[in-house]
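Okay, here's what each chain looks like letter by letter:
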Amino acid sequence: MNDDVRNIVLGVIATGVAAAIGWFTRTYLWRRKLRRKQRFFGLPDNSACLLVINRHVSGGDWSVARRDVFALLELSALIKDCGAHPEVVAHDAAQQGFGERTEICLGGPVSNHRMAAHLQSLLPGVRVNTDDEPGPDRGAFQIGSEQYRMERGSVEYVLLARLTAGQEARPVFLACGQASNANHAAARYLARHHAKLARKHGGNTFCLLLKVVNSQAYGPDVVELVADVTRAATTPAPAARTS
């Protein structure tokens, strides 16, 4: 074997080794990223995630707002990326506890009875104005001492929360918006920023207040983080005084 042939063989071997190392490195990094994502969402391979949907306020029992459907599609893709599968269930049919399976609950307490139960049990510091009569306070959030009013199509607020009942329990994610567009915005925010949220909060409980800006022009795309309201939202509001 002359020098030229030996150099060619060594070059082929070096290229193969480098390609193998690169492939193993990419696979390792991809698997590590996937495991982090699975831990954050509580979704190991072949697990199930409960998607609790609301109903359209002006529709029938199985009428879902268009923006809420879009939110479900984005959340379903996120769940499948974890190697899990979504199970969609209506808000009034999900009569079970939480912690056994990961759950993502979508919608406000008026259109989603399970969301109302979660707010009462898990976020006792949050009050949502559910009055039927139109007015400036309709749909407003009261979080601690602060009130957040909606201006439909201009300013809409949504709570995005990750809550757990214990160290080993699967998390419950809440996307509680003042409008269906805000629900969609929270789902998209979770899909885009889950890695950042996992780095910051790990497996702990958090509750974020998001603001959707000018939804009539930008839809669910322009979202601002108003504040981390975890402490205020998880602290029971003081009981009203009676004379």
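This is a predicted model, so every value here is computed, not measured. (Residues numbered from 1 in each chain as written. Predicted model: local features only at pLDDT ≥ 70, side-chain atom pairs only at ≥ 80, totals over all residues. Heavy atoms only, no water.)

Another aspect to go through is the overall build of the chain. A tally of regular secondary structure across the chain gives six helices and 10 strands. Residues classed as buried in the chain amount to 41% of the 243 residues present. Contacts spanning at least 24 positions in sequence make up 65% of the contacts within the chain whose residues lie at least 6 apart. Accessible area of the chain: about 13600 Å², with a carbon and sulfur share of 52%. (Helix = DSSP H or I, 4+ residues; strand = E, 2+ residues; numbered from the N terminus. Buried < 20%, exposed > 50% of the residue type's maximum accessible area, 1.4 Å probe, protein only. Contact = heavy atoms within 4.5 Å. Areas by Shrake-Rupley, 256 points an atom, 1.4 Å probe, with all protein chains shown as cover.)

The tally for this structure, following the rule as stated, stands at nine salt bridges. Between Asp81 and Lys37 there is a salt bridge, with the nearest N and O atoms lying 3.7 Å from each other. On the criterion of sequence distance, the pair formed by Asp81 in helix H2 (residues 66-81) and Lys37 in helix H1 (residues 3-41) is long-range, its members being 44 residues apart. With a shortest N-O distance of 2.6 Å, Glu74 and Arg188 are connected by a salt bridge. On the criterion of sequence distance, the pair formed by Glu74 in helix H2 and Arg188 in helix H4 (residues 180-201) is long-range, its members being 114 residues apart. Since its relative accessible area comes to 21%, Glu74 is described here as partly exposed. Put simply, Glu74, Arg188, Arg192 and Asp221 are held in one network by salt bridges that share partners. (Salt bridge = Lys/Arg side-chain N within 4 Å of Asp/Glu carboxyl O.)

The phi torsion at Asn46 lies on the positive side, around 65°, for a residue other than glycine. Structurally, Asn46 can be placed in the loop between H1 and strand E1 (48-53). On the accessibility criterion, Asn46 (68% relative accessible area) is exposed. The backbone phi angle of Asn214 is positive, close to 50°, even though this residue is not glycine. Of note, Asn214 is situated in the loop between strand E9 (206-213) and helix H5 (215-218).

Right, let's get into the sheet that holds strand E5 (residues 141-143). Strands belonging to one sheet form pairs held by backbone hydrogen bonds; the direction of such a pair is parallel or antiparallel. Sheet architecture is open: three strands sit in the order E4-E5-E6, paired in antiparallel fashion. One side of each edge strand has no neighbouring strand; the edge strands of this open sheet are strand E4 (126-128) and strand E6 (146-148). Strand-to-strand twist across the sheet, computed as the mean angle between neighbouring axes with direction ignored, equals 20°. When E5 meets E6, the two strands line up antiparallel, connected through three bridges. Bridge assignment links Ile143 to a residue of E6, and that residue is Glu146. (Pairing = 2+ DSSP bridges. Axes fitted to C-alpha atoms, helices over the stretch in contact; angles between N-to-C directions.)

Attention now moves to the sheet that holds E9. Read from one edge to the other, the open sheet built from seven strands follows the order E2-E1-E3-E8-E7-E9-E10, with strand pairing classed as mixed. Lying at the two open borders of the sheet, with one neighbouring strand each, are strand E2 (85-90) and strand E10 (223-228). Strand-to-strand twist across the sheet, computed as the mean angle between neighbouring axes with direction ignored, equals 20°. Bridging between strand E3 (residues 102-106) and strand E8 (residues 172-177) involves four bridges; their strand directions are parallel. Each bridged residue has a counterpart across the sheet, and for Glu103 the counterpart in E8 is Val172. Sheet contacts for H2: E1, E2 and E3; angle to E1, the most-contacted strand, approximately 175°. Sheet strands in contact with H4 are E3, strand E7 (155-163), E8, E9 and E10, and its direction is about 135° off that of E9.

Moving on, we come to the packing of H2 against H4. Following both chains from N to C, one finds H2 and H4 inclined at 15°, their axes separated by 8 Å at the closest point. Considering their axes alone, H2 and H4 lie roughly parallel with respect to each other. Taken as a pair, H2 and H4 cross one another with a handedness that is left-handed. Only Ser180, Asn181, Asn183, His184, Ala187, Arg188, Leu190, Ala191 and His194 of H4 make contact with H2, whose side of the interface consists of Arg67, Asp68, Phe70, Ala71, Glu74, Leu75 and Leu78. Taken together, the residues that form the contact of H2 with H4 break down as seven nonpolar, five polar and four charged. (Parallel < 35°, antiparallel > 145°, perpendicular 65-115°, else oblique. Left-handed = near helix turned anticlockwise from the far one by under 90°. Nonpolar A, V, L, I, M, F, W, Y, C, P; charged D, E, K, R; others polar.)

The final tally for this structure, using the stated rule, is five aromatic pairs. Consider the rings of Phe40 and Phe206, whose centres lie 6.3 Å apart with planes at 10°: the pair is stacked. Highlighted residues: Phe40 in helix H1 and Phe206 in strand E9, separated in sequence by 166 residues. Like Phe40, the residue Phe206 is buried in the burial classification. When the ring centre of Phe40 is taken as reference, the NZ or CZ atom of Arg162 above it lies at 5.3 Å. (Phe/Tyr/Trp six-rings, centres within 6.5 Å; stacked < 30°, edge-to-face > 60°. Lys NZ or Arg CZ within 6 Å of the ring centre and 35° of its normal.)

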